[in-house]
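Fold and contact review
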Amino acid sequence: VSDIYVSKGASLSFNCFIKGGNNNIHINNIHGSVHEDAKFTSTSIISALGQVRSENRINLLGENASTKIDMLLLGSKDSLLEGLTKVKHSKKNTFSDQKARIILNEKSKASFQGKVRVDKGSDGTLANMSSKSLLLSNKARVNSKPELEILADDVRCSHGVTIGNLSLEQMFYLRSRGIPEVEARKLLVSSFGNIIIDGLNKYFIDRAQKMMSDYF
């Protein structure tokens, strides 16, 4: 459990990398309190063969507080991955952005549950949530559940969920340019996950890209 307090006007980025073997069970909880004019960014990149549950519960407690939560879940073999996020907007003019990208192969399973709660009187809230999953096997399974609980009137909140396979058209295009099938798959899968990785600084980008490379 990581308890994080971001005081007025402060800014913090917290990066979590989780790897594990078949017999590992990992539970990670991030609890954040973000105050006036403060910013908190949480990025979790998970590539495990066992079981992982990663939670982010963030409270925006001051005006103009903001948070960004990014998750990349990489599942293979019989892994079971769970991602949970909950952002509570308690004051006016707060901002949150949640992105989850899930890539599953073989018999792996994953679930994502994201929630945004906007308290009464928290006008001016802007909240976005996006969950996209890429299934590389007919036996992989994913469940995504976005939730919005809005008790204020003047807000802008959105959410979106997509689940799909590799695009045959994109595969055909890359192969028609002389790229072997295996490399074409790697390019498409990497580009899908890079929306999360590209937001990191260079040191963490290198580490995240290595995890993505090891995934293949």
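Scroll up a little and you will see the structure.
Residues numbered from 1 in each chain as written. Predicted model: local features only at pLDDT ≥ 70, side-chain atom pairs only at ≥ 80, totals over all residues. Heavy atoms only, no water.

Here we look at helix H1 (residues 168-176)
Taking the backbone nitrogen of Glu169 as reference, a side-chain oxygen 3.4 Å away marks Ser167 as the first, capping residue of H1. Residue Gly178 follows H1 closely and has a positive phi angle near 90 degrees. (Polar contact = N/O pair within 3.5 Å; in protein donor to acceptor, adjacent residues only side chain to side chain. Helix = DSSP H or I, 4+ residues; strand = E, 2+ residues; numbered from the N terminus.)

Here we look at the side chain of Glu55
Positionally, Glu55 belongs in strand E5 (residues 51-60). Since its relative accessible area comes to 8%, Glu55 is described here as buried. Side chain to side chain, Glu55 and Arg53 meet in a polar contact 2.6 Å long. When sequence neighbours within four positions are dropped, the list of residues in contact with Glu55 reads Asn28, Asn29, Ile30 and Leu84. (Buried < 20%, exposed > 50% of the residue type's maximum accessible area, 1.4 Å probe, protein only. Contact = heavy atoms within 4.5 Å.)

Concerning the sheet that holds strand E6 (residues 66-75)
Ordered in space as E2-E4-E6-E8-E10-E12, the six strands form an open sheet in which the pairing is parallel. Either end of the sheet is taken by a strand with one partner, and the two such strands are strand E2 (11-20) and strand E12 (156-164). Geometrically, the sheet is characterised by an average inter-axis angle of 5 degrees between neighbouring strands, direction not taken into account. The pairing of strand E10 (residues 126-135) with E12 spans nine bridges and is classified as parallel. Bridge pairing in E12 links Lys132 to Thr162. Running at roughly 155 degrees to strand E8 (residues 95-104), helix H2 (residues 181-197) makes contact with strand E4 (39-48), E6, E8 and E10 of the sheet. Running over the sheet, helix H3 (residues 202-215) touches E2, E4, E6 and E8 and is turned about 25 degrees from E2. (Pairing = 2+ DSSP bridges. Axes fitted to C-alpha atoms, helices over the stretch in contact; angles between N-to-C directions.)

Overview of the sheet that holds strand E11 (residues 141-150)
Ordered by their spatial adjacency, six strands build an open sheet running E1-E3-E5-E7-E9-E11, and the pairing between neighbours is parallel. Strands at the two margins of the open sheet, each flanked by one partner only, are strand E1 (2-6) and E11. Ignoring strand direction, the axes of neighbouring strands in this sheet form an average angle of 10 degrees. Judged from the ten bridges that link them, strand E7 (residues 80-89) and strand E9 (residues 109-118) form a sheet pairing that is parallel. In the sheet register, Lys86 faces E9, and the bridge partner there is Lys115.

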